[in-house]
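Remarks on the overall topology
Here's the letter readout for the chains.
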Amino acid sequence: MSSAVGRELVITGEPGLIEAPAPSVRWESWPASRLAHHGAACCDAAREWVLAFDYSQLNAGDPLTGPRWLRHKFKWGPSPWPMHWCESVRRDALDCGALASITQEIYTARGVRNFPAQLVQQYSHEATRHWSLNWEGEQVSCGWISDDTIYHEACAILTPAGELKVWDPSASWWINPKQFGGYGSLLALRVLDLSGEAAASYKWGAHDIALNRWHHIERARPDFA
């Protein structure tokens, strides 16, 4: 965790994009968050409740639809780790790792191939100081914050066309592959394939995303440039 993410980033160099500085942070080797299971009925029931509730909310809709109901059910906030399924459903607030882990289970149950997505984003010093105080107040680690950048987790899905889409369950939106800098902008992305299969590469907008590698996300040129 002491190495910089920038040492692992791949500059993809797509035409029409401008290089942005690589973030100097320490999250390159962090594993994606995953809810634990007690191996007992408590966690079985919690997981089945989540999947049944999602099924009712989807109501025969498009299985690629983002599960926005998660943010109606749970606020985004500090979560203690490790966390089990039975503990997660009793909480009022879940952090990005818990929300992403649940989202991945939901898409798997829908029959949609998906992957853990790890992000580095840039905010403001005021925002990160505020979040640090909130996490410290709950006696939860602030290791996901470094200066004005943060480590974040989401869920990448594979569409029938063989392209990636990245759903941010903390914000309840699809992340735009075109990034222009500024508050909340995406600096780096890694999509993990935990299946152990041969490495693959998929399109995410104009980006070629090779699985299991950090990619530097360059800033797009404004349309009027």
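Above this text is the structure in question.
Right, let's walk through the structure included here. (Residues numbered from 1 in each chain as written. Predicted model: local features only at pLDDT ≥ 70, side-chain atom pairs only at ≥ 80, totals over all residues. Heavy atoms only, no water.)

**Looking at the overall build of the protein**
Let me state the cut-off plainly: Counting from the N terminus, the helices are the DSSP runs of H or I reaching at least four residues and the strands are the DSSP runs of E reaching at least two. Here, residues are in contact when the closest pair of their heavy atoms is within 4.5 Å. Surface exposure here means Shrake-Rupley accessible area, sampled with a 1.4 Å probe, where a residue is shielded only by the protein chains that are shown.
In terms of helices and strands, the protein carries five helices and 14 strands. Residue pairs in contact within the protein that sit at least 24 positions apart in sequence constitute 69% of those at least 6 positions apart. Carbon and sulfur atoms make up 51% of the accessible area of the protein, which amounts to about 11200 Å² in all.

**Some details on the pairing of strand β8 (residues 164-168)**
The side chains of a regular strand alternate, first on one face of the sheet and then on the other. Put simply, the rule reads: Note on classification: 1.4 Å probe, protein chains only; a residue is buried when its accessible area is under 20% of the maximum for its type, exposed when over 50%, partly exposed between these limits. Between any two strands, at least two bridges found by DSSP are needed for them to pair.
Where burial is concerned, most of β8 is hidden: four out of the five residues are buried. Looking at chain direction, strand β7 (residues 149-158) and β8 are connected through four bridges and run antiparallel. The partner of Ile-157 across the bridge, within β8, is Lys-165. If you look at the hairpin formed by β7 and β8, you'll find five residues sitting between the two strands, and Gly-162 has a positive phi there, around 80°. Note that β8 and strand β9 (residues 173-174) share two bridges and pair antiparallel. In the strand pairing of β9, Trp-167 is matched with Trp-174. The antiparallel pairing of β8 with β9 creates a hairpin that spans four residues between the two strands, and Ser-172 there sits at a positive phi of about 60°.

**A look at the side chain of Thr-159**
Checked against the element boundaries, Thr-159 lands in the loop between β7 and β8. Excluding residues that lie within four positions of it along the chain, Thr-159 makes contacts with Leu-64 and Lys-165.

**Here we look at the packing of aromatic side chains**
To keep it simple, the criterion reads: Whether two aromatic rings pair depends on their centres lying within 6.5 Å, for rings of Phe, Tyr and Trp, where Trp uses its six-membered ring; planes under 30 degrees apart make the pair stacked, over 60 edge-to-face, and the rest tilted. Charges are assigned to positions over rings by a cutoff of 6 Å between ring centre and Lys NZ or Arg CZ, combined with an angular limit of 35 degrees from the ring normal.
Applying the stated rule across the entire model yields 15 aromatic pairs. When the ring of Phe-115 is compared with that of Tyr-202, the centres are 6.2 Å apart and the planes differ by 35°; the resulting orientation is tilted. Taken together, the residues Phe-115 in strand β5 (residues 114-122) and Tyr-202 in strand β11 (residues 201-204) connect sequence positions 87 residues apart. Comparing Phe-115 with Tyr-202 shows no difference in burial state: the two are buried. Members of the aromatic cluster, connected to one another through ring pairs, are Trp-76, Tyr-123, Trp-131, Trp-135, Trp-144 and Tyr-183. Positioned above the aromatic ring of Tyr-107, the side-chain terminus of Arg-110 is 5.1 Å from the ring centre.

**Concerning the pattern of salt bridges**
The criterion, for reference: By definition, a salt bridge exists where a carboxyl oxygen of Asp or Glu is found within 4 Å of a side-chain nitrogen of Lys or Arg.
Taken as a whole, this structure holds seven salt bridges when the rule is applied. Ionic pairing is found between Arg-34 and Glu-105, a salt bridge with its closest N-O pair at 3.8 Å. Taken together, the residues Arg-34 in the loop between β2 (17-18) and α1 (41-58) and Glu-105 in helix α4 (residues 96-110) connect sequence positions 71 residues apart. Owing to a relative accessible area of 15%, Glu-105 belongs among the buried residues under this scheme. Put simply, Arg-113 and Asp-193 hold a salt bridge, and the shortest N to O gap is 3.8 Å. Of this pair, Arg-113 sits in the loop between α4 and β5 while Asp-193 sits in the loop between β10 (185-191) and β11, and the two are 80 residues apart along the sequence. A relative accessible area of 11% places Asp-193 in the buried class. Linked by salt bridges that have partners in common, Arg-34, Arg-47, Glu-48 and Glu-105 make up one network.

**Quick look at the pairing of strand β12 (residues 207-210)**
The pairing of β11 with β12 spans four bridges and is classified as antiparallel. Across the sheet, Tyr-202 pairs through a bridge with Ile-209, a residue of β12. Counted between consecutive antiparallel strands, the loop separating β11 from β12 contains two residues, among which Gly-205 sits at a positive phi close to 60°.

**Topic: the packing of α1 against α4**
Applicable threshold: Axes here refer to lines fitted to C-alpha atoms; in helices the fit is confined to the stretch in contact. Angles between the N-to-C directions go from 0 to 180 degrees. Should the near helix be turned anticlockwise from the far one by less than a right angle, the crossing is left-handed, and should it be turned clockwise, the crossing is right-handed. Amino acid classes used here: Ala, Val, Leu, Ile, Met, Phe, Trp, Tyr, Cys and Pro are nonpolar; Asp, Glu, Lys and Arg are charged; the rest, including Gly, are polar.
At a minimum axis separation of 10 Å, α1 and α4 run at an interaxial angle of 65°. Remark: the crossing between α1 and α4 carries right-handed chirality. Counting all contacts with α1, which are made through Arg-47, Val-50, Leu-51, Asp-54 and Leu-58, the residues of α4 involved are Ile-102, Glu-105, Ile-106, Ala-109 and Arg-110. Residues that form the contact of α1 with α4 fall into these classes: six nonpolar, no polar and four charged.

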